[in-house]
Amino acid sequence: VLLFLLFRPDIAKLQKAANFNYLEAMYLALTQQKAQMSVCDVVVLENEKETKRFAVSEKHLTRTEALNLILSRREINSGPYAKLYSRELLKGLKYPPLKAYEDMLFSLEAMDRCEHIAATNDTQYDYIQNVGSVINTFCIESLRKRSCDF
């Protein structure tokens, strides 16, 4: 029995999806390519308008290719959403004890454990940009306050 883990699905968006199940698309990509992780397109929305799109052009990525795309913030978003992880991949993997950018570090470590990553553009994840978020109000003092508890 295989078990896969998905972070933060947007249930409202999933319920509105037209004839194609978000999880099914991610699962099919992962199992058909025998990957440990799958990714899908991400659409960044601000005030209900698309401001950015992460769309992977290749269906099958090596670890190095995927890490290059995520680190350059091209084609693969850095958060844990829009990704499906195999349970085996996540054994022993924990979120770093930070309050900012911990999701990026988690995604990088998970990706680094993969031999290859499956990608699909058969579905997308709509990420609604919050203007008050850490990334949008970034400053050194803010990062110090939110990153560490010392």
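Quick look at the structure, then. (Residues numbered from 1 in each chain as written. Predicted model: local features only at pLDDT ≥ 70, side-chain atom pairs only at ≥ 80, totals over all residues. Heavy atoms only, no water.)

### So, the overall build of the protein chain
Secondary structure summary: the protein chain contains six helices and six strands in total. Secondary structure of the protein chain in N-to-C order comes out as β-α-α-β-β-β-α-β-α-α-β-α. With 150 residues in all, the protein chain has 40% of them scored as buried. Of the contacts formed within the protein chain by residues at least 6 apart in sequence, a portion of 69% connects residues at least 24 apart. Surface summary for the protein chain: the accessible area is close to 9200 Å², and the carbon and sulfur share equals 52%. (Helix = DSSP H or I, 4+ residues; strand = E, 2+ residues; numbered from the N terminus. Buried < 20%, exposed > 50% of the residue type's maximum accessible area, 1.4 Å probe, protein only. Contact = heavy atoms within 4.5 Å. Areas by Shrake-Rupley, 256 points an atom, 1.4 Å probe, with all protein chains shown as cover.)

### Comments concerning the pattern of salt bridges
Evaluated as defined, the whole model comprises five salt bridges. Of the charged contacts, one joins Arg-113 and Glu-109 as a salt bridge, the two residues approaching to 3.7 Å between their closest N and O atoms. The partly exposed category is assigned to Glu-109, whose relative accessible area is 39%. Taken together, the salt bridges that share partners define one network made up of Asp-41, Glu-50 and Arg-53. (Salt bridge = Lys/Arg side-chain N within 4 Å of Asp/Glu carboxyl O.)

### Considering the nonpolar core
The biggest cluster of nonpolar side chains holds 20 residues, and the ones touching the most others in it are Met-37, Leu-61, Ile-76, Tyr-85, Met-111 and Ile-117. What Met-37 contacts, discounting residues up to four positions off in sequence, is Leu-30, Lys-83, Leu-84, Tyr-85, Leu-89, Met-111, Cys-114, His-116, Ile-117 and Ala-118. (Core = buried A, V, L, I, M, F, W, Y, C linked by side-chain atoms within 4.5 Å.)

### Re helix 2 (residues 22-32)
Along helix 2, the residues classified as buried are Tyr-22, Ala-25, Met-26, Ala-29 and Leu-30. Taken around the axis of helix 2, the buried residues stretch over an arc of 125°, which confines them to a single face. Phi turns positive, to about 55°, at Lys-34, one or two residues after helix 2. (Arc of directions from axis to C-beta.)

### Here we look at the pairing of strand 5 (residues 83-86)
Because side chains alternate across strand 5, one face comprises the buried residues Lys-83 and Tyr-85, and the other comprises Leu-84 and Ser-86, equally buried. Note: strand 2 (residues 37-46) against strand 5, three bridges, orientation antiparallel. Looking at strand 5, one finds that Val-39 is bridged to Lys-83. (Pairing = 2+ DSSP bridges.)

### Section: the pairing of strand 3 (residues 49-54)
Where strand 2 lies against strand 3, five bridges are found, and the strand directions are antiparallel. The partner of Val-42 across the bridge, within strand 3, is Phe-54. In this antiparallel pair of consecutive strands, strand 2 and strand 3, the connection spans two residues, and Asn-47 shows a positive phi of 55°.

By themselves, these figures tell us nothing about what the structure is for.
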